[in-house]
Amino acid sequence: TRCLDIGDSVFPDYAVLDLANLYSSVFRTANTYAQDNPNIAAGELEPPAGVAYPLLWVSAVKNRMAFWQKQGWIIDTFSGKTPAYPVLATWNVSARRIQSGVNFVVQRVMHQLSVTANQSAPPL
């Protein structure tokens, strides 16, 4: 069997590891506690520093995705030129934790080229 090592198959694994590292080394370190999003419309204030909530995680992930895009690893999904691939995060009431989903489009890696060579008859 053969497998072409292209970004489409490699980058999603990298993204999972990179986000896990972001969470464990930066986000969790800065946020000891967690809660649901504050209801700003109802007059709730933002949580104090050190308290994580879904929208805060979304912001951290979008910043990481902007870095990935700047490196050319994913297609720009922030400028409006392409469909937005959102970062979603909610508060899991049962588990009392943030859960999220990240969608992105991987930039193609130049691994191959297709060429057609045709032999032609000389002109008469």
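The structure we're discussing is the one just above.
Let me begin by describing the structure that accompanies this report. These numbers come from a predicted model, not from an experiment. (Residues numbered from 1 in each chain as written. Predicted model: local features only at pLDDT ≥ 70, side-chain atom pairs only at ≥ 80, totals over all residues. Heavy atoms only, no water.)

Residues Phe11, Trp57, Val61, Met65 and Trp68 are the most contacted members of the largest nonpolar core, which totals 16 residues. Broken down by secondary-structure element, the contributors of at least two residues to this core are α1 (7-30), α2 (54-71) and β3 (87-92). Excluding anything up to four places from it in sequence, Val61 contacts Leu19, Val87 and Val102. (Core = buried A, V, L, I, M, F, W, Y, C linked by side-chain atoms within 4.5 Å. Buried < 20%, exposed > 50% of the residue type's maximum accessible area, 1.4 Å probe, protein only. Helix = DSSP H or I, 4+ residues; strand = E, 2+ residues; numbered from the N terminus. Contact = heavy atoms within 4.5 Å.)

What follows deals with α2. For α2, built from 18 residues, the straight-helix expectation of 26 Å at 1.5 Å per residue is met to within 8% by its first-to-last C-alpha distance of 26 Å. Those residues of α2 lying buried are Pro54, Trp57, Val58, Ala60, Val61, Met65 and Trp68. Taken end-on, α2 shows its buried residues confined to a sector of 165 degrees, consistent with a single buried face. α2 presents Leu55, Asn63 and Lys70 as exposed residues on the side facing more than 90 degrees away from its buried surface. (Expected span 1.5 Å × (residues − 1). Arc of directions from axis to C-beta.)

Further remarks concern the pairing of β3. Here β3 runs beside strand β4 (residues 97-102); their pairing, made up of six bridges, is antiparallel. Bridged to Ala89 within β4 is Ser100. Between β3 and β4, which pair antiparallel one after the other, the connecting turn spans four residues, and Arg96 there sits at a positive phi close to 55 degrees. (Pairing = 2+ DSSP bridges.)

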